[in-house]
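# Coordinates in review
Below are the chains, spelled out letter by letter.
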Amino acid sequence: MKIESKLPDVGTTIFTVMSSLSNDHNALNLSQGFPDFDVHPDLLSLVNKYMLAGNNQYAPMQGVPALREKIADKVFEQYNARYDPASEITVTSGATEALFAAISAVIQQGDEVIVLEPAFDSYVPAIVLNGGIPVYVQYRFPEYRIDWDDVKTALSPKTKLIILNSPHNPTGSVFSSEDIKALKGLLEHTDALILSDEVYEHIIFDGLRHESMSRYPELANRSLVISSFGKTYHTTGWKIGYCLAPAPLSKEFQKIHQFLTFSTNTPIQYAYADFMQHKDVYLKLSAFYQQKRDTFLALIKQSRFKTMPCSGTYFQMLDYSEISSQSDIKFSRQLTIEHGVASIPPSVFYHRRDDHKVLRFCFAKKDETLKKAAEKLCKI
Ligand code: PMP
Ligand code: GLN
């Protein structure tokens, strides 16, 4: 059978490729981003409770009302922004679905979308499938900062959307108030919308503040803000996220969401709604992961890898240029197969496969896992 591919240049996502390679070779999997520690027992009990109580049928398309209300309260408390749970919040099957629905809702044939590279791998296929044209701007290496003049150059009358992601996967870079100022200035006289991927909103270090688009009314007005419970509650496999957007944008978003998945897992939505009252869980998450980052950095201090700055997310970029001149794809394979530590080669997040001789390591792991990985990395 001859099938004309709609995504001829797309292969299997690197997260699947590297996790499989890691499993095949019994390596320590620091590639795909997920914690190897347990979910809070109270959250597990709540899911169990709501399942046993019979909450096992379709949730409302927009999400369980109790959860949308809790999300609205949390966003108000964190960012001083009011979203109406009835018309401006949609619960989704993970941030991945929300990103796809958001892009599908706003992109028409020939619309340009500014993508900041390295970019999470689901953005561009969604743009292309909807007839959009990605216009690329690179984070400046090695600091991984955005030069907003580069974005200015990329803007055109056809720019429909700019996709932002802070804290940023894979670099760990975060937007400052200066970035926000520059962004506001650039967009002021345009109609461009913003898709803000904020799944790591609660994982930000060294006293920095998360610059959510929702904090700034003039940006929030034109933004679809996406988050994910998976990152905050160590539950990446439960695949629940949400989208915040002004009512007219949410209306278009929901037109897509209702036919992508209709609604998402009911008992888990109820469980999160209850569990969100334990504010300390998300308020203490940054400190928890900062400790993990610092543990990992201390453990690999004697290695030949050079560390890069990491201000948020649970990813640490390491420069291996003193160890090997191989491409990051080859080196990450070798590291997995011969040395037993799996990582992610960031060149796959660039349309031109920019290779800076760095690898991304996930430190959302038990200290014992980090210790074992560091022992291996220090021997190289
Ligand atoms: N965006 C970014 C930047 C991510 O790192 C992830 C992680 N998986 C996602 C979106 C997708 O989140 P989810 O697992 O909730 O679909
Ligand atoms: N966000 C995770 C990462 O960057 C994995 C996402 C996925 O597997 N789709 O590693």
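Quick summary incoming for the structure in this document. (Residues numbered from 1 in each chain as written. Chains lettered and ligands numbered in written order. Predicted model: local features only at pLDDT ≥ 70, side-chain atom pairs only at ≥ 80, totals over all residues. Heavy atoms only, no water.)

Now for the environment of His351. Structurally, the position occupied by His351 is in the loop between strand 11 (341–342) and strand 12 (358–362). As for His351 and Ser214, which are separated by 137 residues in sequence, their C-alpha atoms are 29 Å apart. Setting aside residues no more than four positions away along its own chain, His351 makes contact with Glu117, Tyr136 and Gln138. (Helix = DSSP H or I, 4+ residues; strand = E, 2+ residues; numbered from the N terminus. Contact = heavy atoms within 4.5 Å.)

Moving on, we get to the site of ligand 1. Around ligand 1, 13 residues are found, and the nearest of them are Thr96, Asp197, Tyr200, Lys231 and Lys239. Note that an oxygen atom of ligand 1 is positioned 2.6 Å from one of the side-chain N or O atoms of Thr96. Summarising the interface, the protein chains cover 91% of the accessible area of ligand 1, which totals 390 Å² for the free molecule. Ranked by residue count, the leading element in the shell around ligand 1 is helix 4 (residues 94–106), at 4 residues. (Near = heavy atom within 4 Å. Polar contact = N/O pair within 3.5 Å; in protein donor to acceptor, adjacent residues only side chain to side chain. Areas by Shrake-Rupley, 256 points an atom, 1.4 Å probe, with all protein chains shown as cover.)

With that settled, the discussion passes to the packing of aromatic side chains. Under the defined criterion, the tally for this structure stands at 24 aromatic pairs. With 5.6 Å between their ring centres and 70° between their planes, Tyr233 and Phe275 make a pair best called edge-to-face. In this pair, Tyr233 is assigned in the loop between helix 9 (229–232) and strand 8 (241–244) and Phe275 in helix 11 (residues 266–275), connecting sequence segments 42 residues apart. For Tyr233, a relative accessible area of 4% gives the class buried. Classification of Phe275 by relative accessible area gives buried; the value is 1%. Between Tyr314 and Phe315, the ring centres sit 5.2 Å apart and the planes meet at 80°, which makes this aromatic pair edge-to-face. By relative accessible area, which is 1% here, Phe315 ends up buried. (Phe/Tyr/Trp six-rings, centres within 6.5 Å; stacked < 30°, edge-to-face > 60°. Buried < 20%, exposed > 50% of the residue type's maximum accessible area, 1.4 Å probe, protein only.)

Structurally, Glu112 can be placed in strand 3 (residues 112–117). There is no salt bridge for the buried Glu112, and the closest opposite charge comes from Lys158, which lies 4.8 Å off by N-O distance. Setting aside residues no more than four positions away along its own chain, Glu112 makes contact with Ile133, Val135, Ala154, Ser156, Lys158, Thr159, Lys160 and Leu161. (Lys, Arg positive; Asp, Glu negative; His and termini not counted. Salt bridge = Lys/Arg side-chain N within 4 Å of Asp/Glu carboxyl O.)

Right, let's talk about a positive patch on the surface for a bit. Taken together, Lys366, Lys372, Lys376 and Lys379 make up a surface patch of like positive charges. Summarising the element assignment, Lys376 is placed in helix 15 (residues 367–378). With a relative accessible area of 32%, Lys376 lands in the partly exposed category. (Patch = residues over 30% accessible without salt bridge, like charges linked within 9 Å, V, L, I, M, F, W, Y side chains within 5 Å. Charge placed at Lys NZ, Arg CZ, Asp CG, Glu CD.)

What the 7 strands build is an open sheet, ordered 2-8-7-6-5-3-4; its pairing is mixed. Two strands lie at the open edges of the sheet, namely strand 2 (89–92) and strand 4 (133–138), each paired on one side alone. Averaged over all neighbouring strand pairs, the angle between strand axes comes to 20°, with direction disregarded. The pairing of strand 6 (residues 193–197) with strand 7 (residues 223–228) spans 4 bridges and is parallel. Looking across to strand 7, one finds that Ile194 is bridged to Ser223. (Pairing = 2+ DSSP bridges. Axes fitted to C-alpha atoms, helices over the stretch in contact; angles between N-to-C directions.)

If you check helix 2 (residues 41–52), its first and last C-alpha atoms are 16 Å apart, about what 12 residues at 1.5 Å a residue would give, namely 16 Å. Looking at the packing, one finds that the buried side of helix 2 touches helix 11. Gly54 occupies a position one or two residues after helix 2 and carries a positive phi of about 95°. (Expected span 1.5 Å × (residues − 1).)

All right, on to the sheet that holds strand 9 (residues 306–307) then. On the basis of which strands lie adjacent, the open sheet formed by 3 strands has the order 9-10-12 and antiparallel pairing. Taken across any chain shown, the strands that pair with only one partner, and hence form the sheet edges, are strand 9 and strand 12. Direction of pairing for strand 10 (residues 315–319) relative to strand 12: antiparallel, over a ladder of 5 bridges. Considered in strand 12, the bridge of Leu318 is made with Leu359.

On to the environment of Arg145, then. With respect to the element layout, Arg145 can be found in the loop between strand 4 and helix 6 (148–154). For Arg145, a relative accessible area of 33% puts it in the partly exposed group. Between the alpha carbons of Arg145 and Lys372 there is a distance of 32 Å; along the sequence they are 227 residues apart. Beyond its immediate chain neighbours, meaning those up to four positions away, Arg145 contacts Tyr139, Arg140, Ser173, Val174, Phe175, Ser176 and Asp179. Within the structure, the side chain of Arg145 is placed 3.1 Å from the backbone oxygen of Val174, a separation counted as a polar contact.

This paragraph deals with unusual backbone geometry. The linkage connecting Phe141 with the following residue, Pro142, adopts the cis geometry, with an omega of 5°. Among the secondary structure elements, Pro142 is positioned in the loop between strand 4 and helix 6. Here the residue pair Ser166 and Pro167 is connected by a cis peptide bond, since its omega of -15° sits within 30 degrees of zero. Among the structural elements, Pro167 can be located in the loop between strand 5 (159–165) and helix 7 (177–187). A positive phi angle is found at Lys239, which is not glycine, with a value near 50°. Locating Lys239 in the fold gives a position in the loop between helix 9 and strand 8. With relative accessibility at 39%, the residue Lys239 sits in the partly exposed group.

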